[in-house]
Every structure is written in C-alpha cells, then in structure tokens.
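Here's the letter readout for the chains.
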Amino acid sequence: MKKVTLHNKAYGASFQGFFKEKQLRIGRRENNDLIILYPDISRVHCEIYEVEDGYQIKDLESTLGTSVNKQKLADKISNIKPGDILGLGSHQFDFTITEVSLFSYQALKQFLKRFSKR
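Residue positions are given per chain, counting from 1 as you read along its sequence in written order. pLDDT decides what is reported in this predicted model: residues at 70 or higher carry local features, side-chain atom pairs at 80 or more are listed and counted, and totals for whole chains, interfaces and linings draw on all residues regardless. Only hydrogens and water are removed before side-chain values are computed, so all heavy atoms of the structure are retained for them.

Enquirer: An account of the overall build of the protein chain is needed here, citing residue identities and associated values.
Expert: When helices and strands are counted, the protein chain shows one helix and 11 strands. Secondary structure follows DSSP: runs of H or I at least 4 residues long count as helices, runs of E at least 2 residues long count as strands, and numbering of each begins at the N terminus. When the helices and strands of the protein chain are placed in sequence order, the string is β-β-β-β-β-β-β-β-β-β-β-α. Two things to know: the radius of gyration comes from C-alpha atoms, and the globule rule equals 2.2 Å times the number of residues to the power 0.38. Computed over the C-alpha atoms, the radius of gyration of the protein chain is 14 Å, within 12% of the 13 Å expected from 2.2 N^0.38 for a compact globule of 118 residues. When the backbone C-alpha atoms are referred to their principal axes, the protein chain occupies close to 40 × 35 × 25 Å. Buried, partly exposed and exposed residues are distinguished by accessible area as a fraction of the type maximum, computed with a 1.4 Å probe on protein chains only: under 20%, between the cut-offs, and over 50%, respectively. When burial is assessed residue by residue, the protein chain has 40% of its 118 residues classed as buried. Pairs at least 24 residues apart make up 35% of the contacts formed inside the protein chain by residues separated by at least 6 positions. Computed with the Shrake-Rupley method and a 1.4 Å probe, the accessible areas treat only the protein chains shown as cover for residues. Total accessible area on the protein chain is roughly 7500 Å²; 52% of this is exposed by carbon and sulfur atoms. Counted as positive: Lys and Arg. Counted as negative: Asp and Glu. His and the chain ends are not counted at all. Just so you know, the charge point we use is NZ for Lys, CZ for Arg, CG for Asp and CD for Glu. Between the averaged position of the 19 positive side-chain charges in the protein chain and that of its 14 negative side-chain charges there is a distance of 9 Å. The contact rule is simple, with two residues in contact once any of their heavy atoms fall within 4.5 Å.

Structure (structure tokens):
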C-alpha cells in the first residue's frame, strides 16, 4: 500500500492519503482520498495515478489550477516524482510517497474509525 504525503512548508502542515488501486484523488470534499481543507483548493481538485514508469498528476478542472515545480500542467496532466513541488491553487506542497505495510494501513483505519465515533 502506498501513502502520499503533501507537505506545505508555508503553514507547516502535512496531508496524507492512501492510493486506492492505482490512483489517489485530492480535494476538499470528504470522499477524496487525500483531503485538504483550504478554500482555494477545489472540492475535487486533481488525481495522482501510478503508471508503469512512475506517477502522473491530472487536474480535474479545478478552479485555480494545478502545477508541478511552478509550471502549469500542459494538457491537464504531467509526470511527477517524489521531491517535486505540487501547486494546488495558491499553495505549494512537497510530494513524497512511501510504501506502508497492509497491517499499518488496517491499524490506522481502525484507529480513525474509533476516533471519529467520539
């Protein structure tokens, strides 16, 4: 299982999400895989896909756009790699990806389930 972390140095905040199959959807809406509650990030902003030779990011018609290393996406899609800077709206995020064990993922899901019932 792969975990994506987007770190916003300006605010000292990190956001994490897990790939479902070979994609991860990012935005403000609750049903996204990685949720960022900043007002200038669209409800469904972009998706990251695992492809044969790495990863790609695709803008999903977001209001303020998506960029990679300060370059707006050409044709709404771009190759990305860990260490790239992803721009979502007016925010810049360091992109990292790590492999986590299925056990860790299941334990996290159970913890979040219990925590959300409080």
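Enquirer: Just give me the short version of the pattern of salt bridges, but keep the residues and values in it.
Expert: For this document, the term salt bridge refers to a Lys or Arg side-chain nitrogen within 4 Å of an Asp or Glu carboxyl oxygen. Counting across every chain of the model gives five salt bridges. One salt bridge in this structure joins K9 and D94, with 3.6 Å as the shortest N-O distance. In this pair, K9 sits in the loop between β1 (2-8) and β2 (13-18) while D94 sits in strand β11 (residues 91-99), placing the two residues 85 residues apart along the sequence. A relative accessible area of 62% places K9 in the exposed class.

Enquirer: Before we move on, could you go through the packing of aromatic side chains and cite the residues and values that matter?
Expert: Stacked, tilted and edge-to-face pairs are distinguished by plane angle, under 30 degrees for stacked and over 60 for edge-to-face with tilted covering the rest, among Phe, Tyr and Trp rings (Trp via its six-membered ring) whose centres lie within 6.5 Å. All told, the structure shown has six aromatic pairs when counted by the stated rule. On the basis of an interplanar angle of 75° and a centroid distance of 6.1 Å, the ring pair of F15 and F93 is categorised as edge-to-face. Highlighted residues: F15 in strand β2 and F93 in strand β11, separated in sequence by 78 residues. F93 matches F15 in its accessibility class, with the two residues each being buried. A relative accessible area of 0% places F93 in the buried class.

Enquirer: Break down the environment of G89 for me, with residues and values.
Expert: Mapping G89 onto the fold places it in the loop between β10 (85-88) and β11. Note: C-alpha distance between G89 and S62 (27 residues apart in sequence) is 8.2 Å. When near neighbours in sequence (up to four residues on either side) are disregarded, G89 contacts D40, H45, L64 and G65.

Enquirer: Tell me what's going on with the sheet that holds strand β7 (residues 66-68), and back it up with residues and numbers.
Expert: The strands making up a sheet are joined through hydrogen bonds of the backbone, oriented either antiparallel or parallel. Within the open sheet, the six strands sit side by side as β2-β1-β11-β10-β7-β8. Their pairing is antiparallel. Two strands bound the open sheet, and with one partner strand each, they are β2 and β8 (71-72). Looking at chain direction, β1 and β2 are connected through six bridges and run antiparallel. Following the sheet pairing, N8 is matched in β2 by A13. Strand pairing requires that DSSP identify at least two bridges connecting the strands.

Enquirer: I'd like a description of a nonpolar patch on the surface, backed by residues and values.
Expert: Two joining distances apply to patches: 9 Å for like charges and 5 Å for nonpolar side chains (Val, Leu, Ile, Met, Phe, Trp, Tyr), and every residue must have over 30% relative accessible area and no salt bridge. Together, L108, F111, L112 and F115 line one region of the surface with nonpolar side chains, adding up to about 390 Å² of accessible area. With respect to the helices and strands, L108 occurs in helix α1 (residues 102-116). We classify L108 as partly exposed; its relative accessible area is 31%.

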